[in-house]
Amino acid sequence: ASSQAPWAWFDGRMVSLDSPQAPLTTHAMHYGSGVFEGIRSYATDDGGAAVFRLPEHMERMRKGAVLLGIDFDVAQASEAVLQTLRANQHRDAYIRPLAWLGSGTIGLDVAPLTQHLMVATIAQPVHLAGKAARLGVSGWRRNPAKSLPPLKLCGGYINSVLAKREAKQRGFDEALFVDDEGVVVECTGANVFMVKDGAITAARHADALDGITRATLIELTGATSRPVSLEELKQADEVFVCGTAAEVAPIASLDDVVFGENPVTREFQALYARIVRGQDARFAHWLTTV
Ligand code: PMP
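- Going by the annotation in an unreviewed UniProt entry, the name recorded for the chain is Aminodeoxychorismate lyase, with Marilutibacter penaei given as the source organism.
- UniProt, in its Cofactor (unreviewed entry) section for the chain, records the words "pyridoxal 5'-phosphate".
- Checking UniProt for the chain, the heading Sequence similarities (unreviewed entry) contains the comment "Belongs to the class-IV pyridoxal-phosphate-dependent aminotransferase family."

**Focus: the site of the ligand**
Right, so step 1: Neighbouring residues of the ligand: 13 residues in total, closest Gly 211, Ile 212, Thr 213, Gly 243 and Thr 244.
Right, so step 2: In terms of residue count, the dominant contributor to the shell around the ligand is helix H5 (residues 212-221) (three residues).
Right, so step 3: Partitioned by chemical class, the residues of the shell around the ligand number three nonpolar, eight polar and two charged.

**Some points on the confidence of the model for the chain**
Right, so step 1: On average, residues of the chain score 96 in pLDDT, and 97% of them reach the 70 mark or higher.
Right, so step 2: For this predicted complex, the interface score ipTM comes out at 0.99, while the overall pTM is 0.97.

**Here's the deal with helix H2 (residues 54-68)**
Right, so step 1: The terminal C-alpha atoms of H2, which comprises 15 residues, lie 21 Å apart, in line with the 21 Å expected from a rise of 1.5 Å per residue.
Right, so step 2: Every buried residue of H2 is accounted for by Leu 54, His 57, Met 58, Met 61, Arg 62, Gly 64, Ala 65 and Leu 68. The buried residues of H2 occupy an angular sector of 165° when the element is viewed end-on, so they sit on one face. Across H2 from its buried face, at more than 90 degrees, point the exposed residues Pro 55 and Glu 59.

**A few points about helix H4 (residues 157-169)**
Right, so step 1: Helix length check: H4, at 13 residues, gives a terminal C-alpha distance of 18 Å against a target of 18 Å (1.5 Å per residue), a fit within 8%.
Right, so step 2: Turning to H4, its buried residues are Ser 160, Ala 163, Lys 164 and Ala 167. For H4, the angular spread of the buried residues around the axis is 100°, confining them to a single face. Away from the buried face of H4 by more than 90 degrees, exposed residues Ile 158, Val 161 and Gln 169 are located.
Right, so step 3: Residues of H4 that are buried in the fold lie against strand E8 (133-137) and strand E9 (174-178).
Right, so step 4: Phi turns positive one or two residues past the end of H4, at Gly 171, with a value near 90°.

**Notes on the packing of H2 against helix H3 (residues 74-88)**
Right, so step 1: In the contact formed by H2 and H3, the axes pass within 10 Å of each other and the chain directions differ by 130°. Comparing their axes, H3 and H2 come out oblique. The chirality of how H2 crosses H3 is right-handed. Contacts between H2 and H3 involve Leu 54, Met 58, Glu 59, Met 61 and Arg 62 on the former and, on the latter, Val 74, Ala 77, Ser 78 and Val 81.
Right, so step 2: Class assignment for the residues of the contact of H2 with H3 results in six nonpolar, one polar and two charged.

Procedures and definitions
Residues numbered from 1 in each chain as written. Predicted model: local features only at pLDDT ≥ 70, side-chain atom pairs only at ≥ 80, totals over all residues. UniProt positions renumbered as here; feature names shortened; annotations may be inferred. Near = placed C-beta within 6 Å. Helix = DSSP H or I, 4+ residues; strand = E, 2+ residues; numbered from the N terminus. Nonpolar A, V, L, I, M, F, W, Y, C, P; charged D, E, K, R; others polar. pLDDT = per-residue confidence, 0-100. Expected span 1.5 Å × (residues − 1). Buried ≥ 20, exposed ≤ 12 C-beta atoms within 10 Å, placed from the backbone. Arc of directions from axis to C-beta. Contact = placed C-beta atoms within 7 Å. Axes fitted to C-alpha atoms, helices over the stretch in contact; angles between N-to-C directions. Parallel < 35°, antiparallel > 145°, perpendicular 65-115°, else oblique. Left-handed = near helix turned anticlockwise from the far one by under 90°.

Written out as structure tokens, the structure is:
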């Protein structure tokens, strides 16, 4: 099956990843009118692979599609994810489904437009606990939820692209968004947690994406979900960020505040790593076998 790998699922067929050509008038390319997901699959001890929390990712994608007027069949998209993983023989992989509006008008009205769905999978080597990231408070504000709901809408990610660019230019690895009141929102592609005197807190904000990894960690650690100010975050014993791609990532520093060895974070990192690989039977219901 993998002789022409990498394969991608595109509008109902398996195609070679680089072969499809999009018209230059593609609406999503001009206006960001698409919705995507970031999902991960992991190699399991039985020699197979499993997708972590696939239904939750598909449900979030469906919400974004509804908002854009894109028809979205959860069962079809889920099957497309599994088919692509199988065709590519990927086990540890990052999975990128994207639904978007195609051609039909150069105007903003979406009614005349064609609709498309693709799934690509990218082999992702098991990454061992990497170096803790240096976080810098962004000069940019997060898209306010009242202007753009915190879903994985393509156009919304230009906000993350700008913040990431700014962070890198200033010598940081990642940006932290705070609001006008100094309340923590999230990072460019991950949610924020802190540990203080043994208490675990998940920063909550209306403008932040409702992360699936965040929900997972709240369930696993009993963390309290509440608003957290930047001042409070800077006084934490440990700060970590989490997301499908980031998994559980310790933070080395926030602006000029340096954190320590992050022992609690490392513990959660190891716990999460076991669960996503199916090594904890209590959470087998979070896995979809490939
Ligand atoms: N916030 C943003 C802006 C993101 O893009 C992501 C990644 N999807 C997250 C948080 C984390 O969400 P999840 O745990 O569902 O991947």
